[in-house]
Amino acid sequence: MIPKIITIAGSDSSGGAGLQADLKTFQEYGTFGFSAITSFVTMDPDHNWSHEIAPTDATLLEKQLKTIYAGRPLQAGKTGMLGSVENAEMASFYLEKFNQENLVVDPVMACKGTTELLQPELAKAMIDNLLPKALITTPNLTEAGILSQLGELTSTEQMEEAARKISLLGPKYVLIKGGHRLKTPEAIDVLYDGKNFTYLVGEKYQTDFNHGAGCTFAAAVTAGIGKGYSVEKAAKLAKDFVNAGIKNGLKINPFLGHVWHGAYNKAENRMEG
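Residues numbered from 1 in each chain as written. Predicted model: local features only at pLDDT ≥ 70, side-chain atom pairs only at ≥ 80, totals over all residues. Heavy atoms only, no water.

(A) Fine view of the packing of aromatic side chains. Throughout the structure, instances matching the rule amount to seven aromatic pairs. Measuring from centroid to centroid gives 6.1 Å for Tyr94 and Phe98, while their planes differ by 25 degrees, and the two rings are stacked. On the basis of relative accessible area, Tyr94 is assigned to the buried category, the value being 1%. Residue classification places Phe98 among the partly exposed residues on the basis of a relative accessible area of 22%. Look at Phe241 and Tyr264: their rings are 6.0 Å apart centre to centre, the planes differ by 45 degrees, and that puts the pair in the tilted class. Of this pair, Phe241 sits in helix α8 (residues 231-247) while Tyr264 sits in the segment after β11 (257-258), placing them 23 residues apart in sequence. Through successive ring pairs, a cluster of aromatic residues spans Tyr69, Phe93, Tyr94 and Phe98. The ring centre of Tyr229 lies 4.3 Å from the NZ or CZ of Lys233, which sits over that ring. (Phe/Tyr/Trp six-rings, centres within 6.5 Å; stacked < 30°, edge-to-face > 60°. Buried < 20%, exposed > 50% of the residue type's maximum accessible area, 1.4 Å probe, protein only. Helix = DSSP H or I, 4+ residues; strand = E, 2+ residues; numbered from the N terminus. Lys NZ or Arg CZ within 6 Å of the ring centre and 35° of its normal.)

As structure tokens, this is what we get:
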């Protein structure tokens, strides 16, 4: 059986993050992806590549979710950028209605390349509606600081403290992505199962071609869990998957470069001849 997985997320027309990253990752994992679009993220090259988010209407999101769950059950699910509080509530309703197991909540609150939180009002909606349903949540350092109310996180000790606090909000596992913001020689992520910590350590690549890394990491965790892997195995494989994507990142436009989702499986060699 090919596992079926849903992503409820924003669309990144540049192709590197959001549901585009999710679907590419699901395919690389040998799973079948469904997508419900919550918002459209655009970048304006005429105004210093400024980001803009255009949320979809919650009634349109509901129609998408009805379509997807008509073929239930799904083996895993992921939420990303939700666009609005109403969309967060609608997603929560359908995830509960169809008893969606193996839910990964990626609490997206900003876009890479910006320092401003684009949708801070969603934090409470995520805490109230989604985190209690989550098997695992995958915040980056900024998002973990907001959810834990600890502010800026600058060390693994603070990441551990934040993970403890976030776990009290309901998810069974917390995976905090250190990424490039953590000033350590290696790329370190911290996984917490409610009792113990596991450090995921990999090489830190000095590159700006990492757009979509966070979404890809969370999507890889989702796909792994959907295939029946333990959370720890799924997280470790996701780390290897996204590291390969960053190492082989692609320059896309003058503003940024993307992770290459096919790097782990050397997808560029497919269909030759």
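(B) Inspection of the nonpolar core at higher detail. Formed by 39 residues in total, the largest nonpolar core has its most connected members in Ile6, Ile8, Leu65, Tyr69, Leu82 and Ile176. Discounting chain neighbours no more than four positions away, the residues touching Ile8 are Ala36, Thr38, Leu61, Leu65, Lys78, Thr79, Gly80, Met81, Leu82, Ala91 and Leu95. If you look at the next biggest cluster of nonpolar residues, it comprises 25 residues, including Ile5, Leu191, Val221 and Val231. (Core = buried A, V, L, I, M, F, W, Y, C linked by side-chain atoms within 4.5 Å. Contact = heavy atoms within 4.5 Å.)

(C) Broad picture of the sheet that holds strand β8 (residues 186-192). The mixed open sheet is built from nine strands, whose spatial order is β3-β2-β1-β4-β5-β6-β7-β8-β9. On the outer flanks of this sheet lie β3 (50-55) and β9 (197-203), each paired with one strand and no other. When strand β4 (residues 76-79) meets strand β5 (residues 103-105), the two strands line up parallel, connected through three bridges. When the sheet's bridge partners are listed, Lys78 is paired in β5 with Val104. The sheet strands contacting helix α1 (residues 18-28) are β1 (4-12), β2 (32-44) and β4, and the helix crosses β1 at an angle near 150 degrees. (Pairing = 2+ DSSP bridges. Axes fitted to C-alpha atoms, helices over the stretch in contact; angles between N-to-C directions.)

(D) Structural view of the pattern of salt bridges. Under the definition given, this model contains eight salt bridges. Between Arg270 and Glu28 there is a salt bridge, with the nearest N and O atoms lying 2.8 Å from each other. On the criterion of sequence distance, the pair formed by Arg270 in the segment after β11 and Glu28 in helix α1 is long-range, its members being 242 residues apart. Judged by relative accessible area, which is 42%, Arg270 ranks as partly exposed. (Salt bridge = Lys/Arg side-chain N within 4 Å of Asp/Glu carboxyl O.)

(E) Molecular detail of the packing of helix α7 (residues 213-226) against α8. α8 packs onto α7 with a crossing angle of 140 degrees between their chain directions and a minimal axis gap of 8 Å. The angle between the axes of α7 and α8 places the two elements in the oblique class. Of the two possible hands of crossing, α7 and α8 adopt the one that is right-handed. Only Val231, Ala234, Ala235, Ala238, Lys239, Phe241, Val242 and Ile246 of α8 make contact with α7, whose side of the interface consists of Ala213, Thr216, Phe217, Ala220, Val221, Gly224 and Ile225. (Parallel < 35°, antiparallel > 145°, perpendicular 65-115°, else oblique. Left-handed = near helix turned anticlockwise from the far one by under 90°.)

(F) Representation of the side chain of Glu28 within the structure. Using a relative accessible area of 15% as the deciding quantity, one classes Glu28 as buried. In this structure the side chain of Glu28 is engaged in a polar contact, spanning 2.8 Å, whose partner is the side chain of Arg270. When neighbours within four sequence positions are excluded, Glu28 is seen to be in contact with Phe241, His261, Gly262, Asn265, Ala267 and Arg270. (Polar contact = N/O pair within 3.5 Å; in protein donor to acceptor, adjacent residues only side chain to side chain.)

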